[in-house]
Amino acid sequence: MNTIIEFKNVTKVYKSGDSFLKAVDNVNFKINRGELVVILGPSGAGKSTLLNLLGGLDSVTSGEIIVNGSHIESFDDYQLTNYRARNVGFVFQFFNLIPNLTALENIELMKDVVDFDIDGLKILESVGLKNHANQFPSQLSGGEQQRVSIARAIAKKPTILLCDEPTGSLDSKTGVLILNLLQEMSTDYNTTVILITHNSILSKAADKTIKIKNGKVEEVTVNLMPKKFTELNY
Amino acid sequence: MLKRKMLRDIKDYKVQFISIFLMAFIGSLVFTGMYVDTASFETSMDNYYDETNLADGWIYSDYLVDEFLYQVKALGATNQMERQLVLDSKAKLDNNPNIILHFIENNTISKFYLIEGKELDINDSEGVWLDKSFADARNLKIGDEISFESNGVEIQKEIRGLGYSPEYVYNIPLSTVQNYSSMGFAYMSYKAFPSDNIPYNVLNVKFSGTSETFSQLLDYRLHGYYTAFLERSHQPSVSAVAESISQENSISSIFPIIFMIISMAMLLTTMKRIISHQRTQIGILKANGIKNYKIILHYMLFGFLLVIFGSLLGAVIGPILFHIISNPSRTFYYKFPYWNFVGLMESSLIIPIMGAISLLVSYYSIKNIVIEPASNIIKPKAPKTSKLSYVEKLKVWEKLSFNFRWNYRIIKRNKSRSMMTIIGIIGCTILLISGLGLYEEINESKDWYFNDVTHFDSKLAIEDNISLSQVKSIAQKTDGEPIMESSIDILTSKTELATLLVLNDNDLITVTDSNHDKLDVNDEVFLSRKMADMLDVDVGDTIDFRIVGSDKIIKVRIDKIHSSPFYQGLVMSPNKLEQLGLNYTPTSIVTSQHITESVDGIDDIIYLDNLITGWNQMEELSMLVIITLICFAVILSLIILYNLNLLSFTELENDIVTLKVLGFESAYLVKLLATQSFLFIIIGFIVGIPLSYYVLSMIMPAFGRNIYLVPSISPTNLVVSFIIIISVSIIMNLYFSRKIRNLDMVDLLKGLER
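Residues numbered from 1 in each chain as written. Chains lettered and ligands numbered in written order. Predicted model: local features only at pLDDT ≥ 70, side-chain atom pairs only at ≥ 80, totals over all residues. Heavy atoms only, no water.

**Quick notes on the domain arrangement of chain B**
Then, in step 1: Domain parsing of chain B yields domain 1 (1-54 + 232-382), domain 2 (78-207), domain 3 (414-449 + 612-754) and domain 4 (458-593).
Then, in step 2: Computed over C-alpha atoms only, the centres of domain 1 of chain B and domain 4 of chain B are separated by 49 Å. (Domains from an automatic or database assignment.)

**A closer look at the pattern of salt bridges**
It is possible for side chains bearing opposite charge to pair when their charged atoms get close.
All names here are of chain B.
Then, in step 1: What the rule picks out here adds up to 29 salt bridges over all chains.
Then, in step 2: Taking the shortest distance from any N to any O, the salt bridge between Lys459 and Glu485 comes out at 2.8 Å. Here the residue Lys459 occupies a position in strand 11 (residues 458-462), and Glu485 occupies one in strand 12 (residues 480-491), the gap between them amounting to 26 residues.
Then, in step 3: Residue Glu485 is classed as partly exposed on the basis of its relative accessible area of 28%.
Then, in step 4: Linking Asp520 and Lys518 is a salt bridge whose minimum nitrogen-to-oxygen distance equals 3.4 Å. (Salt bridge = Lys/Arg side-chain N within 4 Å of Asp/Glu carboxyl O. Helix = DSSP H or I, 4+ residues; strand = E, 2+ residues; numbered from the N terminus. Buried < 20%, exposed > 50% of the residue type's maximum accessible area, 1.4 Å probe, protein only.)

**Topic: the packing of helix 2 (residues 14-51) of chain B against helix 9 (residues 292-333) of chain B**
All names here are of chain B.
Then, in step 1: Viewed as axis vectors pointing N to C, helix 2 and helix 9 meet at an angle of 40°, and their least axial separation amounts to 5 Å. The orientation of helix 2 with respect to helix 9, classified from their angle, is oblique. Relative to helix 9, the crossing made by helix 2 is right-handed.
Then, in step 2: Of the residues assigned to the contact of helix 2 with helix 9, the class counts are 20 nonpolar, 10 polar and two charged. (Axes fitted to C-alpha atoms, helices over the stretch in contact; angles between N-to-C directions. Parallel < 35°, antiparallel > 145°, perpendicular 65-115°, else oblique. Left-handed = near helix turned anticlockwise from the far one by under 90°. Nonpolar A, V, L, I, M, F, W, Y, C, P; charged D, E, K, R; others polar.)

**Observations concerning the packing of helix 3 (residues 66-73) of chain B against helix 5 (residues 211-222) of chain B**
Residues and elements named next belong to chain B.
Then, in step 1: Direction vectors running N to C along helix 3 and helix 5 enclose 135°, while the axes themselves pass 10 Å from each other. It follows from the interaxial angle that helix 3 and helix 5 lie oblique. Two packed elements cross with a definite hand, and for helix 3 against helix 5 that hand is right-handed. Listed contacts from helix 5 to Phe68, Gln71 and Val72 of helix 3 are Phe214, Leu218, Arg221 and Leu222.
Then, in step 2: Residue composition of the contact of helix 3 with helix 5, grouped by class: five nonpolar, one polar and one charged. (Contact = heavy atoms within 4.5 Å.)

**Things to note about the sheet that holds strand 9 (residues 208-213) of chain A**
Residues and elements named next belong to chain A.
Then, in step 1: The sheet built from six strands is open, its strands ordered 6-7-8-3-9-10 with mixed pairing. This sheet does not close on itself; its edge strands, each paired only once, are strand 6 (88-91) and strand 10 (216-222). Taken pair by pair, the neighbouring strands of this sheet meet at an average axis angle of 20°, ignoring direction.
Then, in step 2: Relative to strand 8 (residues 192-197), strand 3 (residues 36-40) runs parallel, the two sharing five bridges. Looking at the pairing, Ile39 lines up with Ile196 of strand 8.
Then, in step 3: Those strands touched by helix 1 (residues 47-54) are strand 3, strand 7 (160-164), strand 8 and strand 9, and its axis lies near 150° from that of strand 8.
Then, in step 4: Where helix 2 (residues 77-87) meets the sheet, it contacts strand 6 and strand 7, and its direction lies at approximately 75° from that of strand 6. (Pairing = 2+ DSSP bridges.)

**Comments concerning the interface of chain B and chain A**
Then, in step 1: At the interface, 30 residues of chain B touch 31 residues of chain A.
Then, in step 2: In total, about 2,800 Å² of surface goes out of reach between chain B and chain A, with carbon and sulfur atoms giving 61% of it.
Then, in step 3: Applying the counting criterion to the chain B and chain A interface returns two salt bridges.
Then, in step 4: Residue Arg409(B) is joined to Glu105(A) by a salt bridge in which the shortest nitrogen-to-oxygen separation is 2.3 Å.
Then, in step 5: The tally of links between chain B and chain A comes to six residue pairs in polar contact (both at pLDDT 80 or more).
Then, in step 6: At six residues, helix 15 (residues 402-413) of chain B tops the list of elements feeding residues into the side of chain B that touches chain A.
Then, in step 7: Residues belonging to the side of chain B that touches chain A are distributed by class as follows: 15 nonpolar, five polar and 10 charged. (Buried area = accessible area lost by both parts, 1.4 Å probe. Polar contact = N/O pair within 3.5 Å; in protein donor to acceptor, adjacent residues only side chain to side chain.)

Structure follows, in structure tokens:
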């Protein structure tokens, strides 16, 4: 298995007035291509900061982040935009769909940032929403909106799919369906899926679990026999 | 605690609140400033005329003997009268300035208004009370001796006092140097006249009823015993002041209202949107048990205090600012002793009105939110559901760019916000186009008059009592054309003061049509377009007129309508005038030569340059006011467009940050916002053009009696106005592009709630 992501001594310090907050403190880990990784930790542990750094939304204070051989910590704004456009798919807790665009248009929107054609309907079909193509987000349920969000993320064929509490706003039944969909992305399309959650049960379905506490990596566990999300007891 | 929240909210929304403050400030400033300035000018003049007891009319006669006075008094309407001898003279000073001497019987009508020195003493035979402007220009002081020469008689007096006269409020010299050193007036007691037998030639009268009735009574009783009767509104100074007030009134009756409407509309949108933006906070307050009335009160006070403070400051600064801007020009051209600030209370009503509207809008905005259950408001408002429109179902829709589709949807979903934005742009467009249009048209009239109508270099004013053959001889010598200019009353259902121009077809003064093309003057009667519109007459109609002061009424058929940028009235040939039974008595000779030497039989020489300077001076006050308005229109446009862009940006910030996270480049996102902004500008500007034309066509006909402004919008005006608006928009977009580039994606994503 080849490494696609590597964090080397990554530290992120936030300054607030005269005080400093070390949100990520000398973090080191590696993630292989096609893995489904769960980043686990309590609230305020630094999980989202890690995701933001990896997604190119924020910059490191020190350390290196190597994605597919590129040092993204040294990227300028333009390179980071390109990196997000070509390599990263985001799935947010609150879906972040563009309310003025239909489900299909939210997906086809990605045509403007990639250099290949996107068959929006086919992607919508893959998430089971072909019949909702012309509906606006406000006409969809939470689970449906999150599926559109995933469809939008995978439309770019990203190498990494970053999911920040993707089931946080959903009921448990819908949540399982969404997690299952993400797992399929990892297994069927060899996409690296990184899932942020505070629900430790989900680690049973992950290839790797990175436990974060107080900004530090507490433990990295590799699961050689990951279960399916549908098999877990929530 | 809510007070603290309000202060913090104001801090958080500081830009929006500053714009609310500025819009209230500018709206109130322009409204009160123009209202007070115009009302104060009018009232100051009225008070001055009242205080100096300005005559209601002037009877010119060489028979002002006791019997004549008895007959005038016997008219029944006469309240007061006083004789004067008015003489032209030359002061024995450098360049022999022209001074009009008034030997007065008493100082009770059209009284000399003393500024410095001794009060006018009717028993003082050695003193003279001199025009202060002339004295200042000539550096003459109280106690100086001054000599005048009139009809070969020299009169030497000591200056006892300096001051103004209500008959010379506007008395601008045109003939020589453009300052007050070349002409003026002087008042003296009848006892100062060198002879015991003073030949009074003017009777100042105060009467009851209309001047029309008085004129008829006078004609009935004293026909043939007087040469002319001049009513107050026809007196040159009174008429010039009235013209200026009329021009100011026409500007101030429209522009401040447009300013107010736009300011209020934008202020309301901003207030409404700030409150909507606070929806979840309102829910939290409500969920925590804070009573509805307290929440309503809290939000009602949000903008109210700033609106009151802004409009109050505008109402304080406006009258002072407009006075500071217009006063130097006004006091140079109009000589009157004091300035009464009036209209402060009436115009200040705008403060409670703006405050009340602000309260009402806040009340309805907050009330609609507060009445919902707390559980609803505590969550962000669900996005509006909408169905695909016909356009969106078309095949071509899918081929349209994302930019177009996104902006179409934004507009579709935010119809009222889009509408208010467009209304704001329409308002700015109207202010700019009509302000520039007025400025341009006044200049256009000037070019028309001095390029297409007048082609002479010198205008030679003919002395009185010169025979027609002598006039022809001078005209031949100077290679000029005699013309006759006279004031006339056109009598329809109302009497209009107009100008009669009598001339042969020539190349020195051209009678023009509306395209500025030459019309041949044959034996036809022309009426100017503005006068025709004012009187509601047209070709083929018959009108009555009389030369001012004469009682002979002439009936005349209008053969053609001409267009005159300046001086409105009738034009005809000498032949036609004589056919109508009037004497052709040329008043001046126009020539293309530059006459510098004195010519026998010529009183004065006026050069074209002097006329142009005089025209510029006369319009300077209006131009200053218009330029001020244009400047405020640009400032208001800047605030409005900034505010609208900011509100739009704030509302779309979440979408923009999502797109940025998804990998869209900042430049692309800037383009998205700019497209919307430019689209609104294009729509607002296009809709604003006909409305601007409508505003211009409301202002221009009322813009004074003499000047003829044709409502039109030139391509230059359109281009300049569009450049101003688009430049403001580009500046705003550059500012927002920086904001987009600097958007903190992490912070914003944390705060995203849908």
